[in-house]
Amino acid sequence: MPIAEDLAVIIEETIRKQYDAGSARRDAHPKAHGCVKAEFHVLEHLPDALAKGMFVPGNTYRAWIRFSNGSSDPTRADIKRDARGMAIKILGVPGKKLLEDQDQAMTQDFIMINHPVFFATDPARYLSFMQDSNSDHFYRKLLIPFDLGAKGTRIALETRSSRISSPLQARYWSMVPYQFGIGAGRQAVKYSARACSATVEPMPHKPGHDFLRDALKNTLQIGEACMEFLIQPRTSNSMDVEDSRIEWKEAQAPFYPVATIRIPQQVFDTPEQNAFCENLSFTPWHALPDHKPLGVTNRLRKIIYAHISTVRHEMNKVNEEEPR
Ligand code: HEM
């Protein structure tokens, strides 16, 4: 996919410009609120259609969850409007994985943002968007709405407009679809995660610069947190698999809970755990064939995430390996 390689090179140039060797960060979602240890319990009873791949009824997996802001600026205050990310890495998942050079990895990743759709779908226009966004010429930035079109521009603005009071209380979506199962019974699905309880804490009166890390810390210092993981099977052809800007409306296609995520009481904000978190790599392609990423956006991500992860690990002289 030549466009994916062009995009990877542009993103690599941005990272090399923004960071010195030894302190390279992710291009997207560089600011983490923390990486927390979690348990991913697949529900005891699931209909056959939802019991595919790693969703073996009653199975419990260890997991890491990285909560983040979307902005490429890792120093941005949490009160500023932004997209929020939740990346889950499930450990101990047997079976050959999709990334050819990491097919023996024991991990399955689920990557989500707190918005249901992704703003770009046409690779060539996404390339122009990246070129214009990264250009040093101001007038090139004026071209961005033309690259994305009215719909894409609106979704991009909406995605970056959220304020949340805790990473544990937002609702997250995979935005783009995934295969669920292999063979004749396979279907396309999207994922989502949300708190088990609908209670949402109010925004703090005087939000600190990193108050989302503080919110995570304060909750997990005194007790555990609970989230649920949901799957939305595609129910009609109008729910597009290639065009990531088309929302699969819940009224047309319900989300079904398939797992409970327990985040035990813990201290996560240590230098060692933060460094470990920084060095993790999430990609939709850390996946079993049963959970194969679908659609053009995910095909681009296969090449881009692998390339960018390698660049930042090389710049920081750290090994790139999947945790066990
Ligand atoms: C073609 C479209 C996309 C491009 C080019 C892109 C690019 C990137 C890159 C370069 C990274 C950093 C990878 C690393 O250094 O390891 C990243 C991370 C991330 N992306 Fe994307 N992305 C795209 C689409 C999406 C979509 C559709 C989602 C929806 C869920 C998403 C959610 C995230 C999240 C949450 C992270 C942070 C993961 C972590 O915590 O490490 N991205 N993206």
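Here, every reference points to the structure presented above.
Now for a look at the structure at hand. Note that this is a predicted model, so its numbers are computed, not measured.

## So, the state of the cysteines
Two cysteines form a disulfide when their sulfur atoms are joined by a covalent bond.
And then number 1: In this structure the tally under the stated criterion is two disulfides.
And then number 2: Each disulfide pairs two cysteine sulfurs, and for Cys35 the partner residue is Cys277, the sulfurs being separated by 2.1 Å. With the S-S bond torsion at 70°, the cross-link from Cys35 to Cys277 turns out right-handed. Here the residue Cys35 occupies a position in strand E1 (residues 32–42), and Cys277 occupies one in helix H6 (residues 271–279), the gap between them amounting to 242 residues. Judged on exposure class, the residue Cys35 and its partner Cys277 are both buried.
And then number 3: A sulfur-sulfur separation of 1.9 Å characterises the disulfide bridge that pairs Cys196 with Cys226.

## Re the site of the ligand
And then number 1: In the neighbourhood of the ligand, 21 residues make up the surrounding shell, with Arg26, Arg66, Arg301, Tyr305 and Arg312 lying closest.
And then number 2: Between an oxygen atom of the ligand and a side-chain N or O atom of Arg26, the distance comes to 2.6 Å.
And then number 3: Within the side chain of Arg301, an N or O atom sits 3.3 Å from a nitrogen atom of the ligand.
And then number 4: Of all the elements in the fold, those that place two or more residues in the shell around the ligand are strand E4 (108–113) and helix H7 (296–315).

## What to know about the pattern of salt bridges
And then number 1: Applying the stated rule across the entire model yields 20 salt bridges.
And then number 2: One salt bridge connects Asp210 with Lys31, and the closest N-O pair in it is separated by 2.8 Å. Linking Asp210 in the loop between strand E7 (187–195) and helix H5 (211–222) with Lys31 in the loop between helix H1 (2–18) and E1, this pair joins segments that are 179 residues apart in sequence.
And then number 3: On the basis of relative accessibility, which here comes to 33%, the residue Asp210 falls in the partly exposed class.

## Points about H6
And then number 1: Taken together, the buried positions of H6 are occupied by Gln273, Cys277 and Glu278. Buried positions in H6, seen along its axis, are confined to an arc of 140° and lie on one side of it. Every exposed residue of H6 that faces more than 90 degrees away from the buried side is listed here: Pro271 and Glu272.
And then number 2: Contact partners of the buried residues in H6: E1, strand E2 (60–69) and H7.

## As for the coordination of the iron atom of the ligand
And then number 1: No other protein atom reaches the iron atom of the ligand as a donor apart from Tyr305 (OH), found 1.9 Å away.
And then number 2: As for its position among the elements, Tyr305 is in helix H7.

## Regarding the packing of H1 against H7
And then number 1: Their axes nearest at 9 Å, the elements H1 and H7 cross at an angle of 30°. Judged by the inter-axis angle, H1 sits roughly parallel to H7. By crossing handedness, the relation of H1 to H7 is classed as right-handed. Contact residues: Ile3, Ala4, Glu5, Leu7, Ala8, Ile11, Glu12, Ile15 and Arg16 in H1; Leu300, Ile303, Ile304, His307, Ile308, Val311 and Met315 in H7.
And then number 2: For the contact of H1 with H7, the residue count by class is 12 nonpolar, one polar and three charged.

## Regarding the side chain of Asp147
And then number 1: For Asp147, the location among the structural elements is in helix H4 (residues 144–159).
And then number 2: No salt bridge is formed by the buried Asp147. Its closest oppositely charged neighbour is Arg125, at 6.5 Å.
And then number 3: A distance of 3.4 Å separates a polar atom in the side chain of Asp147 from the backbone nitrogen of Phe129.
And then number 4: Among residues more than four places away in sequence, those in contact with Asp147 are Arg125, Ser128, Phe129 and Asp132.

## Overview of the environment of Asn279
And then number 1: Structurally, Asn279 can be placed in helix H6.
And then number 2: Taking the relative accessible area as the measure of exposure, Asn279 reaches 27% and is therefore partly exposed.
And then number 3: It is 8.8 Å that separates the C-alpha atoms of Asn279 and Ser309, two residues lying 30 residues apart in sequence.
And then number 4: If we ignore the near neighbours within four places in the chain, the residues touching Asn279 are Arg312, His313 and Val318.

Basis of the calculations
Residues numbered from 1 in each chain as written. Predicted model: local features only at pLDDT ≥ 70, side-chain atom pairs only at ≥ 80, totals over all residues. Heavy atoms only, no water. Disulfide = S-S within 2.5 Å. Helix = DSSP H or I, 4+ residues; strand = E, 2+ residues; numbered from the N terminus. Buried < 20%, exposed > 50% of the residue type's maximum accessible area, 1.4 Å probe, protein only. Near = heavy atom within 4 Å. Polar contact = N/O pair within 3.5 Å; in protein donor to acceptor, adjacent residues only side chain to side chain. Salt bridge = Lys/Arg side-chain N within 4 Å of Asp/Glu carboxyl O. Arc of directions from axis to C-beta. Contact = heavy atoms within 4.5 Å. Donors = N, O, S within 2.8 Å, 3.2 Å for Na, K, Ca; no water. Axes fitted to C-alpha atoms, helices over the stretch in contact; angles between N-to-C directions. Parallel < 35°, antiparallel > 145°, perpendicular 65-115°, else oblique. Left-handed = near helix turned anticlockwise from the far one by under 90°. Nonpolar A, V, L, I, M, F, W, Y, C, P; charged D, E, K, R; others polar. Lys, Arg positive; Asp, Glu negative; His and termini not counted.

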